[in-house]
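One letter stands for each residue in the lines below.
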Amino acid sequence: MALPLTPAPATHDDERQLQALEIELLLTGMAERYGYDFRQYARASLTRRIRKVMHNESLPSVSALQSRLLHDVDAAMRFVASVSVHTTAMFRDPDVYQVLRDDVIPLLRTYPFVRVWHAGCSSGEEVYSLAILLEEEGLYDRCRIYATDISDAILDKARQGVFPLRAMREHTRAYQAAGGTRDFSSYYVTDHEAAVFRSALRRQLVFSQHNLVCDSTFNEFQLIVCRNVLLYFDANLRERAHALFHGSLSNFGVLVLGKKESLRFTEHAQAYAELRESARVYRKVR
């Protein structure tokens with residue numbers, strides 16, 4: 001009588017393959033249960049963020065995390081907020097805002113009304129930066145900024161316009177380097193350890209949930225800003241996002257990407273002319 005075979009001890013490669021399968025099942029579950037689809041995000045950085053969520057939730061495995069997310073809506077929303085990328089700062093890369101002042105504002109002045117889409121707006125620091133720039137250039141009252149993100153929790157934070165007071169010194173330096181023309185502190189009031197941006201800056205802001213993975217265009221825009229978001233997408237999802245941006249831009253509209261992102265080698269590269277390659281600012285020409 002043959003004895004049953006004893007399974008060989010799991011190897012490191014076996015463990016990696018098993019975790020990859022668990023992650024795929026988790027992401028599929030999130031997509032089907034809640035409509036948040038992260039399956040086309042760059043897997044290495046996504047895996048790191050999933051491990052961080054496991055630590056925060058005190059769970060031993062991806063499978064345990066999957067079970068919690070599928071049965072606990074609050075945990076699922078915490079997951080969405082954690083896995084979405086939210087690295088941002090006011091006037092991040094000040095030279096980009098200087099390019100907006102010098103090269104893009106003159107183009108926007110030619111329109112009677114300007115619609116701006118800030119895709120992947122995170123907690124709103126860069127949205128308020130853009131609102132300040134448009135205010136100082138005398139364009140804000142004939143602009144509407146649609147600021148979107150995948151996470152409703154992050155959008156709620158952005159709507160409030162409340163940021164740590166300790167960060168204002170660094171934000172002030174960036175504002176000045178970006179060509180700011182006023183006293184930066186005039187844009188906010190202090191409340192204990194927080195800086196609360198004045199309601200006048202929110203008068204032309206619309207914050208709304210939008211998922212670049214599956215949602216479609218919702219308006220025509222003269223300026224689209226999507227900085228440091230596409231870095232975390234795989235090639236197929238980047239192409240989808242570029243198709244969405246191209247279809248949403250008016251003729252001769254402007255697209256602003258992150259400094260480590262580019263239109264090169266994308267299907268839409270020939271549809272744009274570089275306004276300033278070093279700043280990743282492009283104008284749609286076809």
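Heads up: these notes are all about the structure in this document. Keep in mind it's a predicted model, so treat the numbers as computed, not measured. (Residues numbered from 1 in each chain as written. Predicted model: local features only at pLDDT ≥ 70, side-chain atom pairs only at ≥ 80, totals over all residues. Heavy atoms only, no water.)

Most of strand S7 (residues 221-226) sits out of view: six of its six residues are buried. As judged from the five bridges shared by S7 and strand S8 (residues 249-257), these two strands associate in the parallel manner. When the bridges of S8 are listed, Val 225 appears paired with Val 256. (Buried < 20%, exposed > 50% of the residue type's maximum accessible area, 1.4 Å probe, protein only. Helix = DSSP H or I, 4+ residues; strand = E, 2+ residues; numbered from the N terminus. Pairing = 2+ DSSP bridges.)

Looking now at the nonpolar core. The biggest cluster of nonpolar side chains holds 47 residues, and the ones touching the most others in it are Phe 91, Leu 134, Ile 145, Phe 184, Phe 197, Phe 207 and Leu 223. Per element, the largest residue contribution to this core is eight residues, and it comes from helix H5 (residues 94-108). Discounting chain neighbours no more than four positions away, the residues touching Phe 91 are Tyr 97, Ser 129, Ile 132, Ala 174, Tyr 175, Ala 178 and Phe 184. (Core = buried A, V, L, I, M, F, W, Y, C linked by side-chain atoms within 4.5 Å. Contact = heavy atoms within 4.5 Å.)

Right, let's talk about the side chain of Gln 222 for a bit. Within the secondary structure, Gln 222 sits in strand S7. Here Arg 115 takes part through its backbone nitrogen, which lies 2.8 Å from a polar atom of the side chain of Gln 222. With residues near it in sequence (within four places) discarded, Gln 222 still touches Leu 108, Tyr 111, Phe 113, Val 114, Arg 115, Leu 249, Ser 250, Gly 253 and Val 254. (Polar contact = N/O pair within 3.5 Å; in protein donor to acceptor, adjacent residues only side chain to side chain.)

What follows deals with helix H6 (residues 125-136). Taking 1.5 Å of rise per residue, the 12 residues of H6 would be expected to cover 16 Å, and the 17 Å separating its terminal C-alpha atoms lies within 8% of that figure. The buried fraction of H6 is high, at 11 of 12 residues. Downstream of H6 by a residue or two, Gly 138 has a phi angle that is positive, lying close to 75 degrees. (Expected span 1.5 Å × (residues − 1).)

Hydrogen bonds along the backbone pair up the strands of a sheet, which may run parallel or antiparallel. Read from one edge to the other, the open sheet built from three strands follows the order S3-S5-S4, with strand pairing classed as antiparallel. The open sheet has two edge strands with one neighbour each: strand S3 (162-164) and strand S4 (188-191). Between one strand and the next, the sheet's axes are offset by a mean angle of 30 degrees, whatever the strand orientation. Inspection of the sheet shows S3 paired to strand S5 (residues 194-197) by three bridges, in the antiparallel sense. (Axes fitted to C-alpha atoms, helices over the stretch in contact; angles between N-to-C directions.)

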